[in-house]
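Architecture and fold: a report
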Amino acid sequence: MTQTYKIRNLGCAACAAKMERKIKALPGVLDARVNFITQKLTLRTDSTQIDDLVRQAGDIIKSLEPDALLVLPAR
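Below is a summary of the structure that appears in this document. Computed from a prediction, not measured in an experiment: that's the story for all the values here.

This next bit is on the environment of Pro-27. With respect to the helices and strands, the residue Pro-27 is situated in the loop between α1 (13–24) and β2 (29–35). Sequence separation between Pro-27 and Thr-45 is 18 residues, and the spatial gap between their C-alpha atoms is 9.3 Å. Here Pro-27 is in contact with Gln-49 and Leu-53, once residues within four sequence places are set aside.

Further remarks concern the side chain of Glu-20. On the secondary structure map, Glu-20 appears in helix α1. The class of Glu-20 is buried, set by a relative accessible area of 19%. If near-sequence neighbours (up to four positions away) are discounted, Glu-20 is found in contact with Ala-32, Arg-33 and Val-34.

As a further point, take the sheet that holds strand β4 (residues 69–71). Read from one edge of the open sheet, four strands run β2-β3-β1-β4, paired in antiparallel fashion. At either end of the open sheet lies a strand with only one pairing partner, and these are β2 and β4. On average, each strand axis in the sheet is tilted by 25 degrees relative to the strand beside it, whichever way the strands run. With five bridges connecting them, strand β1 (residues 2–8) and strand β3 (residues 40–45) associate as antiparallel partners. Following the sheet pairing, Thr-2 is matched in β3 by Arg-44.

Conventions we followed
- Residues numbered from 1 in each chain as written.
- Predicted model: local features only at pLDDT ≥ 70, side-chain atom pairs only at ≥ 80, totals over all residues.
- Heavy atoms only, no water.
- Helix = DSSP H or I, 4+ residues; strand = E, 2+ residues; numbered from the N terminus.
- Contact = heavy atoms within 4.5 Å.
- Buried < 20%, exposed > 50% of the residue type's maximum accessible area, 1.4 Å probe, protein only.
- Pairing = 2+ DSSP bridges.
- Axes fitted to C-alpha atoms, helices over the stretch in contact; angles between N-to-C directions.

No statement about biological role is implied by the geometric values presented.
Take a look at the structure:
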């Protein structure tokens, strides 16, 4: 399953690269791309783990850039 999420207040390209590396390392993540220009995270995962992985990705983003926020789609 592939999902794309907006990241608000992503202010640093180097931080985006660090986020991408750390998110890719999470078990269950098949691929992750953090695009500084578009301010988006594209996450490809095993669909059974998506909610937990999105939460973990949000935690990683917040830990590297405290003002950044992963925006979850409305359900």
